[in-house]
Amino acid sequence: MFARTDKVIIKNYIKYLFPALLVGIGGAIQQFVDTIIVANLIDSNAVAIENYAGPIVQFTSFTVKLVGCGGAVLYATLMGRMEREKAAGIYSAAMILSIAISLTASVLGIIFFRKLGTALGCSIELMDDFRLYLIPTLILIPITIIVMTFASFLPSMGYPGLTSKIVLTANLVNVLLDVVYIKIFKMGISGAQWATISGYVVALIALLIILKKNHFTFPRIKGFDASSIKDIFIRGLPPGLSQLGLLVYYWYFNRLVTQMGGTEAMKAFSVCLQLLAIYAVLVNGVSENVRNFVSMLNSTEDEASVRYVMRKSIVILELWGVILLILILAFPGSFVSLYSIKDGRAVAIHALRIYSFIVLFKGMAIIARDYLNTTGRPYHAMSLTLAEGSVGVIILGTVLGRQIGLDGVWLAFPLTSCVCCILVAIYLFTCGKRPVDKVAADFEKMYMTLSVNKTNPMLPAKEIADFYKDKVQKHTIIEKTALLVEEMYIYSVNHTKDLDYIDVMIQIYDNESRILFRSLGEPFNPMNVVNEEERANILILNKITSEINYEYIMGMNTTWLKI
């Protein structure tokens, strides 16, 4: 009757997924739609030029993942533990780091920009246009890193929709101004990046206006706590290494493919990477949800809810991968035609047919990395990222390329992701059990989902007593726990409108009990009661409990009670 269900977690998961998907759509507009428009406004060489600049773009994404995502994971974890001051310190350190790293990289790039073209493997015939494209690309670095690092914290702060508004606004303005700068102002390939800069400036202004209307209070940036840098980097390295891997293999495979097949092969590789941009629309959204939800849920030892999140994520990504693969295999020529590729069209279609199988495995590897990272195994996550995202694919691509030519290079990408997924699955189902705190391991856990019925409430005291009667010797702690659950249930039902379900997790060991309540709805703190009718419930809670903690975390009222 009171068995745990996924109704609370999955409803909130979907609520947060849609804004995250909009962020992915915004990214796809920049990488996919923007590239199509630029290629058609100029020529297919623009696709290759943008790809040569890929390592710089991936450095920007790497820094956002390293600092922004690393900080956001720690922020969500600390908020899950009700440690608000420590969470604020992580935010401060992340913002200061993003400013320092981005400005340093931009200044150094501008100083040495003439040498960057050769270092990035640009062909001689495209070098002049590439250098025109490079200057605004370097100016864009600090703008993107600082804005997107801040945006990384917004979902954990309870504002999932704001990140999507930033990204969508920036990229829609970017696409519109591509036409203005390239077609009307005749700025050529450099106009594409000036359009991107303009898009982020407009998005930043819009963000400040939205925040002011929503009465958003910026967390105050306090002093720089150097001790938090290591923690941020450890949590941020697994997703960051994925972007760093893209940087490395952009650089490596750009050179390798150009050497093996010239500009035609480079255009084919660029089209393959465009497929990843489309795939990332859903993958990035799901990955963000996994990071935020699993880090928060894992901090409370709520394994049942973690399983619900992971199962839903796997199903979504596999369905998306299958749909994309079918479409690409059925219409590869139509996809290639989007980029106005005429010279080397057959090479691009052939490459795409082989490369496209990556969509069955890449997303699985990414959320496996996020799961390992957020459940306390960052070094395992880093190993997976290096194997799947850079070192493994470079080694396999080099070996297969020497044996069977360009086909071996295209095949290396899906094959590496597939092998890594198999190895991770073997690890997780054999020796890779989630690490559990030694103290928490002693507690007997009971999971429940209570359905709300104001006219005929179903209270779980008997079920709690039956579950623990043979597991806990001191029956008084069981009785107190059951009473607390019922009182908190009554308070929640009376206080919250449109409340359907409440998730409860009970942990009892010896003479200690911990109870976690989680529900959707408007924020309410049981310690700030003004209604006299509800005050009686709180007085009972205070008499029985030794500690009550409340936070509104990621759209959920979360209350910890301890006896």
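Each remark here, short or long, concerns the structure printed above.
Summarised in this report is the structure supplied together with it.

What counts, and at which threshold
Residues numbered from 1 in each chain as written. Predicted model: local features only at pLDDT ≥ 70, side-chain atom pairs only at ≥ 80, totals over all residues. Heavy atoms only, no water. Disulfide = S-S within 2.5 Å. Core = buried A, V, L, I, M, F, W, Y, C linked by side-chain atoms within 4.5 Å. Buried < 20%, exposed > 50% of the residue type's maximum accessible area, 1.4 Å probe, protein only. Helix = DSSP H or I, 4+ residues; strand = E, 2+ residues; numbered from the N terminus. Contact = heavy atoms within 4.5 Å. Axes fitted to C-alpha atoms, helices over the stretch in contact; angles between N-to-C directions. Parallel < 35°, antiparallel > 145°, perpendicular 65-115°, else oblique. Left-handed = near helix turned anticlockwise from the far one by under 90°. Nonpolar A, V, L, I, M, F, W, Y, C, P; charged D, E, K, R; others polar. Phe/Tyr/Trp six-rings, centres within 6.5 Å; stacked < 30°, edge-to-face > 60°. Patch = residues over 30% accessible without salt bridge, like charges linked within 9 Å, V, L, I, M, F, W, Y side chains within 5 Å. Areas by Shrake-Rupley, 256 points an atom, 1.4 Å probe, with all protein chains shown as cover. Salt bridge = Lys/Arg side-chain N within 4 Å of Asp/Glu carboxyl O. Pairing = 2+ DSSP bridges.

**Brief notes about the state of the cysteines**
This structure, assessed with the given rule, holds zero disulfides. Cys421 carries a free sulfur, and the closest cysteine sulfur to it, the one in Cys418, is 7.0 Å from it.

**With respect to the nonpolar core**
Core analysis: the largest hydrophobic core is formed by 71 residues, its most contacted members being Tyr249, Phe253, Val286, Phe293, Tyr355, Trp410 and Phe413. Elements with a minimum of two residues in this core: α1 (7–41), α9 (227–299), α10 (303–330), α11 (332–337), α12 (345–355), α13 (362–374), α15 (391–404) and α16 (406–429). Sorting elements by how many residues they give to this core places α9 first, with 24 residues. Setting aside chain neighbours within four positions, we find Trp410 in contact with Val257, Ala265, Ala268, Phe269, Ala351, Ile354 and Tyr355. If you look at the next biggest cluster of nonpolar residues, it comprises 59 residues, including Ile49, Ala53, Met127 and Ala170.

**Some remarks on the packing of α9 against α16**
For the pair α9 and α16, interaxial distance at closest approach is 11 Å and the crossing angle is 135°. With respect to their mutual orientation, α9 and α16 come out oblique. The handedness of the crossing between α9 and α16 is left-handed. Of the residues in α16, those touching α9 at Tyr249, Phe253, Leu256, Val257, Met260, Gly261, Ala265, Ala268 and Phe269 are Leu406, Val409, Trp410 and Phe413. A breakdown of the residues in the contact of α9 with α16 according to their chemical character gives 12 nonpolar, one polar and no charged.

**Remarks on the packing of aromatic side chains**
Tallied over the full model, the rule gives 13 aromatic pairs. With a centroid separation of 5.7 Å and 85° between ring planes, the pair formed by Tyr16 and Phe293 is classed as edge-to-face. Taken together, the positions of Tyr16 in helix α1 and Phe293 in helix α9 put the pair 277 residues apart, joining distant regions of the chain. Residue Tyr16 shares its accessibility class with Phe293, and that shared class is buried. An angle of 90° between the planes, with centres 5.3 Å apart, marks the rings of Tyr91 and Phe153 as edge-to-face.

**Considerations on a nonpolar patch on the surface**
On the surface, a cluster of nonpolar side chains totalling about 600 Å² of accessible area is made up of Ile404, Leu411, Leu415, Val419, Ile422, Leu423 and Ile426. Note on placement: Leu415 falls in helix α16.

**Topic: the sheet that holds strand β4 (residues 547–553)**
If you walk across this open sheet you meet the five strands as β1-β2-β3-β5-β4, and the pairing is antiparallel. Either end of the sheet is taken by a strand with one partner, and the two such strands are β1 (444–451) and β4. Within this sheet the neighbouring strands show an average axis-to-axis angle of 15°, counted without direction. Bridge count for strand β3 (residues 512–519) against strand β5 (residues 556–562) is six bridges, and the pairing is antiparallel. What sits directly across from Ile515, in β5, is Leu561. Of the strands in this sheet, β1 and β2 (501–509) are in contact with helix α18 (residues 461–468), which crosses β1 at around 160°.

Nothing here speaks to function; it is geometry throughout.
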